[in-house]
Amino acid sequence: MQKLLAGQPLCNCTETMHTPMPCKSVIREINNRVEEFEQKYTEVENESKARLKEAKDSQLKVSELQETIERLELNLSNLESENQVLRQQALVASIHEDVSEEMKIQYPTKFDAAPKAIIELN
């Protein structure tokens with residue numbers, strides 16, 4: 001029982017005879033170290049709680065961002081589908097317009113021929 005803590009002698013006092021109880025200075029040293037340990041433990045525990053809270057907050061934010069991405073992907077898909085429908089409608093309208101123009105050229109009506117006659121008279 002000569003050494004108590006990390007290579008330090010049991011007692012630094014000048015007594016030549018040691019009793020089974022360590023001297024008061026050793027007890028004070030041990031109490032100081034216990035208090036330091038408790039203080040450091042409390043600090044580390046508080047840091048750990050803060051990091052755990054940050055991790056939970058981050059996890060919640062990730063979930064929210066994933067939901068936002070899913071909504072945006074769905075909106076994008078809907079917009080792409082709508083765009084495809086509008087393109088098809090525009091193509092059909094263009095084809096109908098072209099056919100209509102061809103029919104006017106091949107089979108002019110009375111009203112279509114009148115302006116040409118007026119132009120020719122001038």
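Computed from a predicted structure; not experimentally measured.

Trainee: Describe in detail the pattern of salt bridges, supporting the description with residues and values.
Mentor: Scanning all chains against the criterion turns up two salt bridges. With its nearest N and O atoms 2.9 Å apart, the salt bridge here joins glutamate 29 to arginine 33. With glutamate 29 and arginine 33 both in helix α1 (residues 24-106) and four residues apart, this pair spans about one turn of that helix. Judged by relative accessible area, which is 34%, glutamate 29 ranks as partly exposed. A relative accessible area of 28% places arginine 33 in the partly exposed class. A salt bridge links lysine 53 to aspartate 57; the shortest N-O distance between them is 3.0 Å. Linking lysine 53 with aspartate 57, this pair stays in helix α1, spanning four residues, or about one helical turn. The exposed category is assigned to lysine 53, whose relative accessible area is 53%. Taking the relative accessible area as the measure of exposure, aspartate 57 reaches 40% and is therefore partly exposed.

Parameters and conventions
Residues numbered from 1 in each chain as written. Predicted model: local features only at pLDDT ≥ 70, side-chain atom pairs only at ≥ 80, totals over all residues. Heavy atoms only, no water. Salt bridge = Lys/Arg side-chain N within 4 Å of Asp/Glu carboxyl O. Helix = DSSP H or I, 4+ residues; strand = E, 2+ residues; numbered from the N terminus. Buried < 20%, exposed > 50% of the residue type's maximum accessible area, 1.4 Å probe, protein only.

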